[in-house]
Amino acid sequence: MRLRSLATAAAVIALAAPLTSCGFDYATERDYTPAGGSNNREGVVDLLSAVVVSGTEGSGTFVASLSNNDGAEEQSLTGISGGDGTTIEAAEFEPVTIPADGLVNLAEPPADIVLTGDFTAGDFIPLAVEFGNGERISLNVPVVADDTGYWEGMDAS
């Protein structure tokens, strides 16, 4: 009987070890935004769901939501350029003001930030996004087609 108790205890311990070794990094405790675009929350301004909407190869419109986490001062989007030595360039655009504790969606009304370079729908392109406070955010952004679903008709290029 003692051998049976020992075997049962060993089996319980062997089965319990994998179940308790999951750790503390649960998926429900991590930021996750199910979206078609890229996200970056490292700066004063969160860059959310960033994409380039492209109707023709080599040209597209930058679309994203910008959330200002500074409750006291407005921020501004001042520039976009290609990152990692790419030849992607942005046409001139008026700086986009993001109110203190505010959100700006570049798709409504369209900010018309047009990019040109070597890309087509389906690519991921490295971009550097610059703000008036001197911050520069680098991220890889997907290029989505202008002719389907949510992005339909958003390419201003």
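Residues numbered from 1 in each chain as written. Predicted model: local features only at pLDDT ≥ 70, side-chain atom pairs only at ≥ 80, totals over all residues. Heavy atoms only, no water.

Some points on the pattern of salt bridges
Per the counting criterion, the structure on display carries one salt bridge. A salt bridge links Glu-130 to Arg-136; the shortest N-O distance between them is 2.7 Å. Judged by relative accessible area, which is 26%, Glu-130 ranks as partly exposed. The class of Arg-136 is partly exposed, set by a relative accessible area of 48%. (Salt bridge = Lys/Arg side-chain N within 4 Å of Asp/Glu carboxyl O. Buried < 20%, exposed > 50% of the residue type's maximum accessible area, 1.4 Å probe, protein only.)

Looking at the environment of Glu-94
Its location among the elements puts Glu-94 in the loop between β5 (89-90) and β6 (96-98). With a relative accessible area of 66%, Glu-94 lands in the exposed category. C-alpha separation for the pair Glu-94 and Ser-76, spaced 18 residues apart in sequence, amounts to 9.9 Å. (Helix = DSSP H or I, 4+ residues; strand = E, 2+ residues; numbered from the N terminus.)

What about the pairing of strand β10 (residues 136-145)?
Inspection of the sheet shows strand β2 (residues 45-56) paired to β10 by three bridges, in the parallel sense. The partner of Val-53 across the bridge, within β10, is Val-144. One ladder, built from seven bridges, connects strand β9 (residues 124-131) with β10; its direction is antiparallel. Paired with Phe-124 across the two strands is Pro-142, which belongs to β10. Hairpin remark: β9 followed by β10, antiparallel, with four residues in the connecting loop; positive phi at Gly-134, about 95°. (Pairing = 2+ DSSP bridges.)

Side note on unusual backbone geometry
One non-glycine residue, Ser-49, adopts positive backbone phi at about 55°. Structurally, Ser-49 can be placed in strand β2. Even without a glycine there, the phi angle at Asp-101 is positive, about 55°. Mapped onto the fold, Asp-101 is located in the loop between β6 and β7 (103-105).

Side note on the confidence of the model for the protein chain
Mean pLDDT over the protein chain stands at 86; residues scoring 70 or higher make up 80%. Per-element confidence in the protein chain ranges from a low mean pLDDT of 66 for helix α1 (residues 2-20) to a high of 96 for strand β3 (residues 59-68). (pLDDT = per-residue confidence, 0-100.)

Considering the side chain of Asp-46
Note that Asp-46 resides in strand β2. Despite being buried, Asp-46 has no salt bridge partner; Arg-41 is the closest side chain of opposite charge, sitting 4.4 Å away. Only 3.0 Å separates the side chain of Asp-46 from the side chain of Asn-69, close enough to count as a polar contact. Setting aside anything within four residues of it in sequence, one finds Asp-46 in contact with Asn-40, Arg-41, Ser-65, Leu-66, Ser-67 and Asn-69. (Lys, Arg positive; Asp, Glu negative; His and termini not counted. Polar contact = N/O pair within 3.5 Å; in protein donor to acceptor, adjacent residues only side chain to side chain. Contact = heavy atoms within 4.5 Å.)

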